Number of protein chains: 2
Amino acid sequence: MIITVTPNAALDITYRVPRLLPHTTHRVSEPVERPGGKGLNVARVLAALGHEAVVTGFAGGPTGEVLRERLAGLGTVRDALVPIKGTTRRTIGVVDDATGDTTMFNEAGPTVSAAEWAAFLTGYRELLAGASAVALCGSLPPGLPVGSYAELIREARTAGVPVLLDTSGEPLRRGLAARPDLIKPNLDELTRLTGSTEPAHAAEEARRRGARAVAASLGAEGILAVTEDATWRAVPPDRLSGNPTGAGDSAVAGLLSGLVEGLDWPGRLARAIALSAATVLAPAAGEFDRAAYEELLGRVEVTAVPRATS
Amino acid sequence: MIITVTPNAALDITYRVPRLLPHTTHRVSEPVERPGGKGLNVARVLAALGHEAVVTGFAGGPTGEVLRERLAGLGTVRDALVPIKGTTRRTIGVVDDATGDTTMFNEAGPTVSAAEWAAFLTGYRELLAGASAVALCGSLPPGLPVGSYAELIREARTAGVPVLLDTSGEPLRRGLAARPDLIKPNLDELTRLTGSTEPAHAAEEARRRGARAVAASLGAEGILAVTEDATWRAVPPDRLSGNPTGAGDSAVAGLLSGLVEGLDWPGRLARAIALSAATVLAPAAGEFDRAAYEELLGRVEVTAVPRATS
């Protein structure tokens with residue numbers, strides 16, 4: 001069983017408008033509501049790959065209820081979200097049909113109390129006892145200390161469960177010190193963390209600060225992975241166009257499922273790239289196109305990059 | 001007791017952003033959620049004026065629940081909304097702090113079934129038995145025939161209860177034929193209805209089509225009222241700047257409360273103008289500034305306009 005933790009889960013609401021005109025009134029399409037937040041997306045993809053996936057984190061208020069109902073409706077992912085007094089945030093996406101572009105309005109999320117965090121930790125420890133891996137995903141809601149992910153990483157290490165951290169800013173910086181097995185920053189996040197804009201150098205620096213391995217996602221350029229033993233570059237076989245929403249979460253699911261299945265690094269990276277590309281190609285945001293995934297999987301190029309001696 | 005009917009009630013959600021930039025991602029302020037829809041706004045103002053106000057219409061789904069909770073929280077307005085299977089719509093307003101302008105995203109609203117409409121009619125008839133006036137407010141949700149307001153007007157007339165209709169488009173056109181006591185279109189709605197851009201002429205034409213009286217709201221120019229006996233023009237004493245949200249609903253509350261209290265037309269119009277202006281001046285959208293209202297009330301100019309012989 002794989003755990004994904006989403007401390008700041010969201011109800012994702014998508015509207016379409018014929019054309020977004022600031023400072024005017026729009027009649028919007030029927031809203032599409034999905035359970036959202038990175039960890040929930042990762043869990044959905046893990047389940048689609050045949051893994052038992054459990055989501056935890058927090059849910060509360062009317063939006064939390066809708067989120068849990070929708071999650072139950074999927075029927076593929078186990079819900080271990082911890083109830084809170086606050087209200088689960090909404091993210092609102094407005095798709096401009098004239099250009100295809102999306103304008104996002106993201107709420108900050110509920111305040112999580114110390115007692116709620118303690119209740120979560122108890123459940124998290126119980127889940128770890130039966131887990132083969134854990135992914136810590138996304139932003140922290142207000143009220144949680146920036147060191148919260150570091151605490152969850154230490155718990156996972158104590159339990160002997162491999163842990164992937166996918167976050168940014170101060171929670172990433174603080175999380176590194178607790179020595180996660182893998183982080184998956186994009187280049188922008190990696191640069192903000194290390195001050196370096198050169199992917200291989202920045203990834204090495206992130207390893208020096210505590211990450212056992214770094215899979216840096218470089219958008220259309222694929223993934224650069226720096227591990228203890230080697231450096232790998234994995235590149236999608238074709239230039240893709242489509243909706244990149246959820247592509248990073250699919251890559252996390254690829255890396256994590258590959259780890260649990262004992263794939264080597266090239267195997268894990270090929271899966272991450274193929275899943276990510278199949279997500280960009282899918283018509284609905286955050287879904288992946290299974291036929292595209294299977295077709296792409298054999299064509300992803302993974303090459304070892306000679307390591308600079310330092 | 002005054003009834004306000006809001007067939008397409010809404011949960012009004014307001015966000016603030018430092019600056020609205022299309023096709024980017026915004027972190028928004030804490031959402032402000034209010035029970036919305038024209039009739040709910042009218043009822044709140046009526047209650048603030050000391051009238052017993054009952055709101056009816058439809059509410060359903062998670063947003064309907066939040067709306068009813070917020071309404072109960074006000075503690076001033078009686079909730080006679082009819083439960084439905086569909087989900088109450090949201091209206092989302094994004095205030096751009098750089099310019100003060102608002103961008104609106106309005107959902108269409110739930111589909112109301114024939115059985116739900118029948119349940120509503122039963123309750124409406126019961127309410128009419130104890131009512132001194134009724135206001136029919138806003139758009140019709142999907143599923144309701146465009147002639148629905150006409151039916152509600154006929155019921156009110158049968159019960160001997162004066163009825164005000166504040167809607168637009170086809171529901172207004174069809175409603176007129178049922179002979180409401182008063183309509184309150186703005187000039188744009190009146191022009192679409194009659195084809196005439198000249199307020200007095202358009203209002204006369206609307207009377208010819210069935211309205212007993214017409215109070216045409218002309219924005220900063222005030223209100224032009226054409227009744228059976230006279231034509232009046234009421235003008236705000238000062239040029240105002242502020243948020244016009246809800247100003248029209250406050251005018252409806254002024255006209256309706258004045259009618260119930262037996263005020264003459266100049267008295268009703270003075271109240272409508274003063275309430276409307278005090279709503280523009282209030283810091284929060286849709287509220288009114290009571291001190292401003294009382295100060296303005298004595299200074300509204302209402303003049304009789306000589307009627308053109310036709």
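Procedures and definitions
Residues numbered from 1 in each chain as written. Chains lettered and ligands numbered in written order. Predicted model: local features only at pLDDT ≥ 70, side-chain atom pairs only at ≥ 80, totals over all residues. Heavy atoms only, no water. Contact = heavy atoms within 4.5 Å. Buried area = accessible area lost by both parts, 1.4 Å probe. Salt bridge = Lys/Arg side-chain N within 4 Å of Asp/Glu carboxyl O. Polar contact = N/O pair within 3.5 Å; in protein donor to acceptor, adjacent residues only side chain to side chain. Helix = DSSP H or I, 4+ residues; strand = E, 2+ residues; numbered from the N terminus. Nonpolar A, V, L, I, M, F, W, Y, C, P; charged D, E, K, R; others polar. Least-squares fit on C-alpha atoms with pLDDT ≥ 70 in both. Buried < 20%, exposed > 50% of the residue type's maximum accessible area, 1.4 Å probe, protein only. Pairing = 2+ DSSP bridges. Axes fitted to C-alpha atoms, helices over the stretch in contact; angles between N-to-C directions. Phe/Tyr/Trp six-rings, centres within 6.5 Å; stacked < 30°, edge-to-face > 60°. Parallel < 35°, antiparallel > 145°, perpendicular 65-115°, else oblique. Left-handed = near helix turned anticlockwise from the far one by under 90°.

*Asks:* What's the story with the interface of chain B and chain A in this structure? I'm lost.
*Replies:* A common measure of how large an interface is: the accessible area buried when the components associate. Contacts between the two partners involve 29 residues from chain B, matched on the other side by 29 residues from chain A. For the pair chain B and chain A, the summed buried surface comes to about 2500 Å²; carbon and sulfur atoms form 60% of the total. Of all residues in chain B, H23, R90 and F105 of chain B bury the most surface against chain A, accounting for 26% of the area lost on that side. For the pair chain B and chain A, the interface holds two salt bridges. Residues R90 of chain B and E33 of chain A are paired through a salt bridge, measuring 2.4 Å at the closest nitrogen-oxygen approach. Here chain B and chain A share 18 residue pairs in polar contact (both at pLDDT 80 or more) between them. Of all the secondary-structure elements, those providing two or more residues to the side of chain B that touches chain A are strand 2 (10-17), strand 3 (25-27), helix 2 (61-74), strand 7 (89-96) and strand 8 (102-106) of chain B. Among the elements that line the side of chain B that touches chain A, the one with the most residues is strand 8 of chain B, at five residues. Of the residues in the side of chain B that touches chain A, the class split is 15 nonpolar, eight polar and six charged.

*Asks:* Is there a simple way to explain the relation of the copies chain B and chain A in this structure?
*Replies:* The operation relating the pair of chain copies consists of a rotation about an axis and a translation along that axis. With an axial shift of 0.0 Å and an RMSD of 0.0 Å, the rotation relating chain B to chain A amounts to 180°. Here the symmetry operator amounts to a two-fold rotation axis. Among all C-alpha atoms of chain B, that of P62 of chain B lies closest to the rotation axis, at 3.1 Å.

*Asks:* Is there a simple way to think about the side chain of N8 of chain B in this case?
*Replies:* All names here are of chain B. Along the chain, N8 falls in the loop between strand 1 (2-6) and strand 2. Residue classification places N8 among the buried residues on the basis of a relative accessible area of 4%. A distance of 3.0 Å separates a polar side-chain atom of N8 from the backbone oxygen of A108. Discounting residues that sit within four places of it in the chain, N8 has contacts with R89, A108, G109, P110, S139, L140 and P141.

*Asks:* Would you take a moment to explain the sheet that holds strand 4 (residues 32-36) of chain B for this structure?
*Replies:* Two pairing modes exist for strands in a sheet, parallel and antiparallel, and in both the strands are linked by backbone hydrogen bonds. The five strands are arranged 3(A)-8(B)-7(B)-2(B)-4(B) in an open sheet whose pairing can be described as mixed. In this open sheet, the two strands that pair with only one neighbour each are strand 3 (25-27) of chain A together with strand 4 of chain B. Adjacent strand axes in the sheet meet at a mean angle of 20°, parallel and antiparallel pairs treated alike. As paired elements, strand 2 of chain B and strand 7 of chain B share eight bridges and run parallel to each other. Residue T14 of chain B lies in a different strand from strand 7 of chain B, and its bridge partner there is G93 of chain B. Helix 2 of chain B contacts strand 2, strand 4 and strand 7 of chain B of the sheet and is inclined by roughly 85° relative to strand 4 of chain B.

*Asks:* What's the story with the packing of aromatic side chains in this structure? I'm lost.
*Replies:* How two aromatic rings sit relative to each other is given by the distance of their centres and the angle of their planes. All names here are of chain A. Counting across every chain of the model gives nine aromatic pairs over all chains. Taking 5.9 Å as the distance between ring centres and 85° as the angle between the ring planes, the aromatic pair formed by F288 and Y293 counts as edge-to-face. Taking the relative accessible area as the measure of exposure, F288 reaches 16% and is therefore buried. A residue is classified by how much of its surface remains accessible, and Y293, at 6% relative accessible area, is buried. Grouping aromatic residues by their ring pairs yields a cluster made of F58, W117, F120 and Y124.

*Asks:* Help me understand the packing of helix 1 (residues 38-48) of chain B against helix 8 (residues 247-260) of chain B in this model?
*Replies:* Two quantities define a packed helix pair, namely the angle between the axes and the distance from one axis to the other. Residues and elements named next belong to chain B. Packing of helix 1 against helix 8 brings their axes to within 8 Å, and their N-to-C directions diverge by 55°. Here helix 1 lies oblique to helix 8, going by the angle between them. When you trace helix 1 past helix 8, the crossing you get is right-handed. On the side of helix 1, the interface is formed by K38, N41, V42, V45 and L46, while helix 8 contributes D249, S250, V252, A253, L256 and S257. Here the contact of helix 1 with helix 8 is composed, by residue class, of six nonpolar, three polar and two charged.

*Asks:* Looking at this model, I keep getting lost on the pairing of strand 2 (residues 10-17) of chain A. Mind explaining?
*Replies:* Along any regular strand the residues' side chains alternate between the sheet's two faces. Residues and elements named next belong to chain A. With six of its eight residues buried, strand 2 lies for the most part within the structure. Bridge count between strand 2 and strand 4 (residues 32-36): five bridges; the pairing is antiparallel. Paired with T14 across the two strands is V32, which belongs to strand 4.

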